[in-house]
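# Structural characterization, general
Residue strings, one per chain:
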Amino acid sequence: MRYFSKYVICSILLAVSVVLPEKASLGASASPPQLSNGSWVITQSGNILQIAYGSGTNFPQYGALHLASSYFRLNYGPTSGWGTSVILFPAFWSGGVYYQGAPVTDYSWQVVNQNLVLSTVGTIGGLNVSSQVNLSPPAENSIIAQVTTTVAGGVPLDNRPGEAFKPVMLSSMHISSTQWDTRMAFVGCRYFDIPVSGWIIPSPFVTNNIFGLLGGTSEWKPNAPTIWIVLDRLMQVTGWVTPSTDPNDDNVGFWAAVDEVLPSWSFRIIATSGLDVHCLFLPLVQR
C-alpha cells in the first residue's frame with residue numbers, strides 16, 4: 001500500500017487568501033498577471049471553462065468546468081488523466097422529479113494571492129445557487145479547492161432517505177474490472193467495492209464528513225485522479241451504479257445527502273494521484 005507523503009499533505013492543506021482585483025467575466029479568455037511561482041490562465045472552449053496553471057510557455061490544464069451542467073473536474077498534474085467529476089450545484093428529488101446538473105448562467109474569477117477564486121451562479125429546480133471555488137496552486141501530485149455554496153429559495157423534498165438533497169455529488173465511471181475511472185469508493189478510512197449495479201452502500205447509510213473515489217490506472221484510463229471530499233459537517237454517504245457497457249458515460253454516482261434544503265455549506269476537494277486511503281492521514285485531511 002502506498003501512502004501520502006507528509007510533504008504532499010502539508011502542501012495541500014496550507015493555503016492563505018488575500019483578495020486582489022484581477023477579474024474576468026462570462027465568455028472571456030484572459031490570463032492574470034504573473035505570480036511569483038506561476039500564474040493561472042482561464043479560457044473558454046465551447047461550454048467548457050479550462051483552468052491552467054504554469055509559467056513561461058508551460059501551462060498544463062488542471063481544471064475544467066462544464067458550464068452546461070456545473071460538472072467540475074480536477075487532475076493532479078501533467079501526468080494525470082481526467083476522471084471523476086464533482087457536481088458543484090446540488091441535486092435533489094422534488095415532486096417525483098430528480099434534478100441534477102444545471103447550467104452555469106454566469107461566472108467570474110479573480111486572483112486571491114496565488115489562489116484562483118471562481119464564482120458561479122445558476123438555477124436548478126427553483127433554487128438559485130451561488131458556488132465559489134477557491135483553487136490553490138498545484139503541489140506535488142495534488143491540487144486542492146475549497147468550495148462554498150449558498151442557496152436561495154425553497155422546494156418541497158420527496159421522502160427519499162439518503163438521497164433527498166445532495167449538496168455534494170461525485171460522478172464517475174466503472175463498468176468492469178478493466179474499464180474504470182474509479183476503482184473503489186471510500187468513506188473515512190472504509191473501502192467499498194463498486195457493484196455492477198445498485199447501491200454502493202445499502203441502507204443503513206454511513207455517516208461521515210470524508211468520502212471519495214479512488215483513481216489509478218485501468219486498461220481504459222491511465223492515472224485517473226483520486227478525489228477526496230471533506231465536508232464542513234457530518235452527512236449520510238452512499239451511491240448508486242447504473243449498469244453500462246459504455247466507458248464514455250458516467251454510470252457511478254457517489255454523494256453526501258441530507259433530508260432538507262441547506263441554505264449554505266462548504267467542502268474541500270483534494271485531487272491526488274491514485275493512492276490508497278489510510279486512517280493515519282485522515283486527521284491531516286480534516287484540518
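Here, residues in each chain are numbered from 1, in the same order as that chain's written sequence. Per-residue local features are limited, in this predicted model, to residues with pLDDT of at least 70; the limit for side-chain atom pairs, both in listing and counting, is 80 or more; totals at the level of whole chains, interfaces and linings are taken over all residues. Only heavy atoms go into the side-chain values, all of them from the structure, while hydrogens and water stay out.

### A look at the overall build of the chain
Here is the rule: Helical segments are the DSSP runs of H or I of at least four residues, strand segments are the runs of E of at least two, and each set is numbered from the N terminus. Classification of residues uses two cut-offs on accessible area relative to the type maximum, computed with a 1.4 Å probe and protein chains only: under 20% is buried, over 50% is exposed, and between them is partly exposed. The criterion used for residue contact is that any of the two residues' heavy atoms lie within 4.5 Å. Under the convention used here, a 1.4 Å probe and the Shrake-Rupley method define accessible areas, while residue burial counts only the protein chains that appear.
Scanning the chain for helices and strands turns up two helices and 20 strands. Taking all 287 residues of the chain together, 53% fall into the buried category. Long-range pairs, those at least 24 residues apart, make up 63% of the contacts in the chain between residues at least 6 apart in sequence. About 12000 Å² of surface is accessible on the chain, with carbon and sulfur atoms providing 52% of the total.

### Observations concerning the packing of aromatic side chains
The criterion, for reference: Between 30 and 60 degrees the pair is tilted, below 30 it is stacked and above 60 it is edge-to-face, where a pair is any two Phe, Tyr or Trp rings, Trp via its six-membered ring, whose centres lie within 6.5 Å. Think of it as a cone above the ring: NZ of Lys or CZ of Arg counts as a charge over the ring if it is within 6 Å of the ring centre and within 35 degrees of the ring normal.
Scanning the model with the defined rule gives 10 aromatic pairs in all. Measuring from ring centre to ring centre gives 6.3 Å for Trp199 and Trp255, while their planes differ by 65°; the resulting arrangement is edge-to-face. Taken as a pair, Trp199 in strand S16 (residues 198-199) and Trp255 in strand S19 (residues 252-258) lie far apart in primary sequence, 56 residues in all. A network of ring pairs unites the aromatic residues Phe92, Tyr99, Phe165 and Trp265 as a single cluster. Note that Arg160 overlies the ring of Trp93, its terminal NZ or CZ placed 3.8 Å from the centroid. Its guanidinium or amino end placed over the ring of Trp255, Lys166 lies 3.4 Å from that ring's centre, counting from NZ or CZ.

### Overview of the environment of Leu157
In this fold, Leu157 is placed in the loop between strand S12 (142-152) and strand S13 (165-172). For the pair formed by Leu157 and Glu260, sequence separation is 103 residues and the distance between their alpha carbons is 7.0 Å. Setting aside chain neighbours within four positions, we find Leu157 in contact with Phe92, Trp93, Ala164, Phe165, Asp259, Glu260 and Val261.

### Side note on unusual backbone geometry
Following Ser203, the chain continues to Pro204 via a peptide bond in cis, the omega torsion being 5°. Positive phi values are uncommon outside glycine, yet Ser70 reaches one of about 65°. At Asn113, a position not held by glycine, the phi torsion is positive, near 55°. With respect to the helices and strands, the residue Asn113 is situated in the loop between strand S9 (106-112) and strand S10 (115-124). What makes Asn113 partly exposed here is its relative accessible area of 34%.

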